[in-house]
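Tertiary structure, described
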Amino acid sequence: MSNTTNLAQKDCVKGDWYGNGPRDAMAGYENSKVHSHRQECSEHGVRVDLNRYEQGHRKGLMQFCTRANGYKQGSKGWSFKEVCPDKLKADFLEGYTAGISNALERAELELRPAKWRHRQKKHLLKNEKSEKKRKKLSESLSRLEREVERRFKEVQQLQKLQNKADFLYRKH
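This report concerns the structure included in the present document. (Residues numbered from 1 in each chain as written. Predicted model: local features only at pLDDT ≥ 70, side-chain atom pairs only at ≥ 80, totals over all residues. Heavy atoms only, no water.)

Now for the overall build of the protein. A tally of helices and strands in the protein yields seven helices and zero strands. Counted from the first residue to the last, the protein has its helices and strands arranged as α-α-α-α-α-α-α. In terms of overall dimensions, the protein is more spread out than a globule: its C-alpha atoms have a radius of gyration of 24 Å, far above the 16 Å expected for 172 residues. Along the first, second and third principal axes, the C-alpha atoms of the protein reach 75 × 45 × 20 Å. Counting across all 172 residues of the protein, residues that qualify as buried make up 34%. (Helix = DSSP H or I, 4+ residues; strand = E, 2+ residues; numbered from the N terminus. Rg over C-alpha atoms; globule rule 2.2 N^0.38 Å. Buried < 20%, exposed > 50% of the residue type's maximum accessible area, 1.4 Å probe, protein only.)

Listed below in structure tokens is the structure:
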């Protein structure tokens, strides 16, 4: 048996469903995650205590769906997880929106020097006469092109997340 299966079996046998609920909530999972627990544990002959799990999950959402945690999730550029109940959603979204704006600003700032280094290497390559130096510059330019592309995609992804968060925040 693999290590993850053993851990699942250990967790099933332990049966701390009140403890599993908050862990799932703090990871941004909906309470429907219990269905996968139910399936895993049935393989080990263990039944899930659905009521205890849901109680724990509700408790976990109270910790997850805060303005501070929303900011943390957003500032790390993590995808928005729509698990918060309506009464907690506005605070979480306010924090998430501020955090994702911060992440986007940081990513845009990191993109600028990469683009500048790329332009600089391109200019040097164009004017270099030595074949050996041209090859080295060309390799460096290729690495910079990949870096610029990666950072550009990160900015685009963060812009999408920000647009979604802004829309949800205004809607709420």
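A separate point is the side chain of Arg 151. Tracing the sequence through the fold places Arg 151 in helix H7 (residues 131-171). Using a relative accessible area of 16% as the deciding quantity, one classes Arg 151 as buried. Discounting residues that sit within four places of it in the chain, Arg 151 has contacts with Glu 110, Leu 111 and Ala 114. (Contact = heavy atoms within 4.5 Å.)

Moving on to the nonpolar core. One finds Phe 64, Cys 65, Phe 80, Cys 84, Phe 92, Tyr 96 and Leu 158 to be the most contacted residues of the largest nonpolar core, which totals 23 residues. Elements with a minimum of two residues in this core: helix H4 (50-64), helix H6 (86-127) and H7. By residue number, the principal contributor to this core is H6, which donates 10 residues. Once residues within four sequence positions are removed from consideration, Tyr 96 is found in contact with Gly 70, Tyr 71, Gln 73, Gly 74, Trp 78, Ser 79, Phe 80, Leu 161 and Ala 165. In terms of nonpolar packing, the next biggest core, distinct from the first, is built from seven residues, Cys 12, Cys 41, Val 46 and Tyr 53 among them. (Core = buried A, V, L, I, M, F, W, Y, C linked by side-chain atoms within 4.5 Å.)

What follows covers H4. Taking 1.5 Å per residue as the helical rise, H4 with its 15 residues ought to reach 21 Å, and the 20 Å between its terminal C-alpha atoms agrees with that figure. What H4 keeps buried is the set Tyr 53, Gly 56, His 57, Gly 60, Leu 61 and Phe 64. In an axial view of H4, the angular spread of the buried residues amounts to 145 degrees, which keeps them on one side of the axis. Those residues of H4 that are exposed and angled more than 90 degrees off the buried face are Asn 51 and Arg 58. (Expected span 1.5 Å × (residues − 1). Arc of directions from axis to C-beta.)

In this section: the packing of helix H2 (residues 17-26) against H4. Running from N to C, H2 and H4 cross one another at 35 degrees; their axes reach a closest spacing of 6 Å. The handedness of the crossing between H2 and H4 comes out as right-handed. Contact with H2, carried on its side by Trp 17, Tyr 18, Asn 20, Gly 21, Pro 22, Asp 24, Ala 25 and Met 26, involves Arg 52, Tyr 53, Gln 55, Gly 56, His 57, Lys 59, Gly 60, Leu 61, Gln 63 and Phe 64 of H4 and no other residues of that element. Classifying every residue of the contact of H2 with H4 by side-chain character gives eight nonpolar, seven polar and three charged. (Axes fitted to C-alpha atoms, helices over the stretch in contact; angles between N-to-C directions. Left-handed = near helix turned anticlockwise from the far one by under 90°. Nonpolar A, V, L, I, M, F, W, Y, C, P; charged D, E, K, R; others polar.)

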